[in-house]
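Below are the chains, spelled out letter by letter.
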Number of protein chains: 2
Amino acid sequence: MNATEDALTILRTRSLSGVLEREIEKAILGGEIPPGKRVNENLLATRFGTSRGPVREALRALEGLGLVELIPNRGVFIRQPAVEEAIEIYDVRTVLFGLAGKLLAERVGDAQVARLKEYLEQMEEAARSRDFDRYYPLNLAFHEFIIDACGNATLAAQYRGLVKKLHLFRARSLVQGGGLEVSNSEHREMVEAVAARDPERAQRAHSDHVARAKARLLAAYQKAEAQAPRLTN
Amino acid sequence: MNATEDALTILRTRSLSGVLEREIEKAILGGEIPPGKRVNENLLATRFGTSRGPVREALRALEGLGLVELIPNRGVFIRQPAVEEAIEIYDVRTVLFGLAGKLLAERVGDAQVARLKEYLEQMEEAARSRDFDRYYPLNLAFHEFIIDACGNATLAAQYRGLVKKLHLFRARSLVQGGGLEVSNSEHREMVEAVAARDPERAQRAHSDHVARAKARLLAAYQKAEAQAPRLTN
DNA sequence: AGATTGAAAACTGTCAACAGTTTGCAGAAT
DNA sequence: ATTCTGCAAACTGTTGACAGTTTTCAATCT
């Protein structure tokens, strides 16, 4: 039953170019194809065992997501956001995440609050033991949970698109700058505001969290720039 | 010179599928292809004198914009947002436009303030004389100006995408509900806050403006629903 | 040696055709 | 009369090939 069900769902939701889109996106975000580089349609086609048609369709979809850029007669290139664009993205993320916090506080259920507190405790424990490898995926899941639970699919889609673009930022290693404890005290305030069902406070807590992350990124970036100016070219 | 320049720029920025994308988008937003209807690839291809390849690429791009939906083996369908999605979009627009107002207040120049006041006066005049046909494009240009002048291209792209989606909302005639004078007093507060270079006040004024537009839409929608429930199915 | 030119190779843009699926319809069975 | 069945038409998904452009590289010239 499992096998047939799988086959059915696969066939129903297939669309070669759809699969290709996800697969190519994975290759791009995984850094397999370095930013700035041209994407070779033939290479991708042979790699996935298809013709160039579906590959081109997938690339056009990725262009809409802002992950690649299409230059006529030269091909598609992996986009490479400059600092300015990263800042733009952070500003937009700030208000989007704030809205997510507000909406969540308006509709959150007890079970969801429990989940949030669970995440919080696990992250605090990971932070105490300086276990970054454990902290990072928890942090990701925590934010994903909020974005999903706020109940606005439009917001979720836009937010996820921004995060993907941010992954192409060349100095994205700096995005993590800021330390675990600092970030976690902000998480606590977010959860408390949501648990109190206080939309306004939750909105402020959530947007402040991203705004501070932007400030941390900027500080780390300027520091790195001073040490190795070549990074910024 | 004009002709050669035109030809050059056309050739440089060409890409048949890019042109097709804009053209098909125009056909969709213009209501030529009604929401919910399937788009016939062959028809579009013959209409524009191309083969189906570029048409398919353009449709995949439009799918990314959220204007059409792709169902495997059945084709692409014009999306038809429900009220719930329209509400979602308004909520996101609210915070995006608020951010635009804040950013604008932080960076606005005297010339831009003058332009804003110009728009305001023209709109007020049109409102006084109940000239809706003159008011509507002015209102559109006013909002476009703010979105462009705020200096955040990421925000502008997202905002424009949302507005396009809203055009597919079946009861979009209701979007205009609310009256010219009400809306214009809100415009005045927005411009004054920006002119005062008060980011916080500008953010509130701008987001309140969209939030009130959402409320007006909802009121008009529920009223229409009570009169003709079939609209809501 | 370095710059320049020209041809070949590689790659993108587009097309027409074929395979497989869905849809519409006519005829048969109930 | 209505439902079911099976066939035909229409349409989507995908492919391979061809045309035109860009890139690479070697031979030539300064």
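Just so you know, these numbers come straight off a predicted model, no measurement behind them.

A. Broad picture of the interface of chain B and chain A. Taken together, the contacts link 30 residues of chain B with 31 residues of chain A. Together chain B and chain A conceal approximately 2,500 Å² of surface at their shared face, both sides included; 49% is due to carbon and sulfur atoms. At the boundary of chain B with chain A, the tally comes to four salt bridges. The closest approach of N and O atoms between B:Glu57 and A:Arg56, which form a salt bridge, is 2.7 Å. The tally of links from chain B across to chain A stands at 12 residue pairs in polar contact (both at pLDDT 80 or more). Taken together, the elements giving at least two residues each to the side of chain B that touches chain A come down to helix H2 (16-29), helix H4 (52-65), helix H5 (83-107) and helix H8 (153-167) of chain B. Per element, the largest residue contribution to the side of chain B that touches chain A is nine residues, and it comes from H5(B).

B. Spotlight on the protein's contact with DNA strand D. Of all residues adjacent to DNA strand D, which total 20 residues, the nearest are A:Leu16, A:Ser51, A:Arg74, B:Arg52 and B:Arg56. What you see for DNA strand D is that sugar and phosphate hold 74% of its atoms within 4 Å of the protein. One of the side-chain nitrogen or oxygen atoms of B:Arg52 is found 2.8 Å away from a base nitrogen of DNA strand D. Breaking the surface near DNA strand D down by element, the ones donating at least two residues are helix H4 (52-65) of chain A together with strand E1 (38-39), helix H3 (41-48) and H4 of chain B. Looking at the surface near DNA strand D, the element that brings in the most residues is H4(A), giving three residues. The class makeup of the residues in the surface near DNA strand D is four nonpolar, nine polar and seven charged.

C. Quick look at the layout of surface pockets. In this structure, the second largest pocket occupies an estimated 940 Å³ of space. Surrounding the second largest pocket, 31 residues form its lining, A:Val95, A:Gln203, A:Ser207, B:Gln203 and B:Ser207 being those nearest its centre. Sorting the residues of the lining of the second largest pocket by element identifies helix H5 (83-107) and helix H10 (199-227) of chain A together with H5 and helix H10 (199-227) of chain B as the ones contributing at least two each.

D. Structural view of the sheet that holds strand E3 (residues 75-78) of chain B. Residue and element names in this part refer to chain B. The antiparallel open sheet is built from three strands, whose spatial order is E1-E3-E2. Taken across any chain shown, the strands that pair with only one partner, and hence form the sheet edges, are E1 and strand E2 (68-71). Pairing between E1 and E3: two bridges, direction antiparallel. Across the sheet, residue Val-39 finds its bridge partner in E3, namely Val-76.

E. The arrangement of the protein's contact with DNA strand C in detail. Taken together, the neighbourhood of DNA strand C is formed by 19 residues, with A:Arg52, A:Arg56, B:Leu16, B:Ser51 and B:Arg74 sitting nearest. Here a phosphate oxygen of DNA strand C sits 2.6 Å away from a polar atom, N or O, in the side chain of A:Arg56. Mapped by element, the contributors of at least two residues to the surface near DNA strand C are strand E1 (38-39), helix H3 (41-48) and H4 of chain A together with H4 of chain B. Looking at side-chain class alone, the surface near DNA strand C contains four nonpolar, seven polar and eight charged residues.

F. Main features of the relation of the copies chain B and chain A. Screw-axis analysis of chain B against chain A gives a translation of 0.0 Å along the axis, an RMSD of 0.0 Å, and a rotation angle of 180°. Look at the turn and shift together and you get a two-fold axis relating the two. A high fraction, 100%, of the interface residues of chain B reappear at the interface in chain A, so the copies pair face to face through one surface.

G. Examining the packing of aromatic side chains more closely. Across all of its chains, the model carries 10 aromatic pairs over all chains by this definition. With a centroid separation of 5.9 Å and an interplanar angle of 55°, the aromatic rings of A:Tyr119 and A:Phe145 are classed as tilted. Remark: A:Phe145 occurs in helix H7 (residues 132-149) and A:Tyr119 occurs in helix H6 (residues 110-128); sequence separation between them is 26 residues. Pair check on accessibility: A:Tyr119 and A:Phe145 agree, each one buried. Their ring planes at 70° and their centres at 6.1 Å tell us that B:Tyr119 and B:Phe142 sit as a pair that is edge-to-face. One end of the pair, B:Tyr119, is in helix H6 (residues 110-128); the other, B:Phe142, is in helix H7 (residues 132-149), and 23 residues separate them in sequence. According to the relative accessible area criterion, B:Phe142 is buried, its value standing at 0%. A:Arg93 extends its terminal NZ or CZ atom over the ring of A:Tyr90, reaching a point 5.3 Å from the ring centre.

H. Highlighting helix H2 (residues 16-29) of chain A. With 14 residues, H2(A) should cover 20 Å at 1.5 Å per step; its first-to-last C-alpha distance of 20 Å lies within 8% of that length. When we look at burial in H2(A), the residues that qualify are A:Ser17, A:Gly18, A:Leu20, A:Glu21, A:Ile24, A:Glu25, A:Ala27 and A:Ile28. Buried residues along H2(A) sit in contact with H3, H4, strand E2 (68-71), strand E3 (75-78) and helix H8 (153-167) of chain A together with H4 of chain B. Taken from the residues just after H2(A), A:Gly31 is the one with a positive phi, measuring 80°.

I. Representation of the sheet that holds E3(A) in the model. All names here are of chain A. Ordered by their spatial adjacency, three strands build an open sheet running E1-E3-E2, and the pairing between neighbours is antiparallel. Only two strands of the sheet have a single neighbouring strand rather than two, namely E1 and E2. Two elements, E2 and E3, share four bridges in a ladder whose sense is antiparallel. Residue pairing in the sheet places Ile-71 in a bridge with Gly-75 of E3. On top of the sheet, H4 reaches E1, E2 and E3; it is set at about 115° to E2, its chief contact.

Criteria and thresholds
- Residues numbered from 1 in each chain as written.
- Chains lettered and ligands numbered in written order.
- Predicted model: local features only at pLDDT ≥ 70, side-chain atom pairs only at ≥ 80, totals over all residues.
- Heavy atoms only, no water.
- Contact = heavy atoms within 4.5 Å.
- Buried area = accessible area lost by both parts, 1.4 Å probe.
- Salt bridge = Lys/Arg side-chain N within 4 Å of Asp/Glu carboxyl O.
- Polar contact = N/O pair within 3.5 Å; in protein donor to acceptor, adjacent residues only side chain to side chain.
- Helix = DSSP H or I, 4+ residues; strand = E, 2+ residues; numbered from the N terminus.
- Near = heavy atom within 4 Å.
- Nonpolar A, V, L, I, M, F, W, Y, C, P; charged D, E, K, R; others polar.
- 1 Å grid on protein atoms, 1.4 Å probe; cavity = no way out; pocket = protein on both sides within 12 Å on 5 of 7 lines; lining within 4 Å.
- Points joined across faces, edges and corners; volume = space filled by probe spheres on them.
- Pairing = 2+ DSSP bridges.
- Least-squares fit on C-alpha atoms with pLDDT ≥ 70 in both.
- Phe/Tyr/Trp six-rings, centres within 6.5 Å; stacked < 30°, edge-to-face > 60°.
- Buried < 20%, exposed > 50% of the residue type's maximum accessible area, 1.4 Å probe, protein only.
- Lys NZ or Arg CZ within 6 Å of the ring centre and 35° of its normal.
- Expected span 1.5 Å × (residues − 1).
- Axes fitted to C-alpha atoms, helices over the stretch in contact; angles between N-to-C directions.

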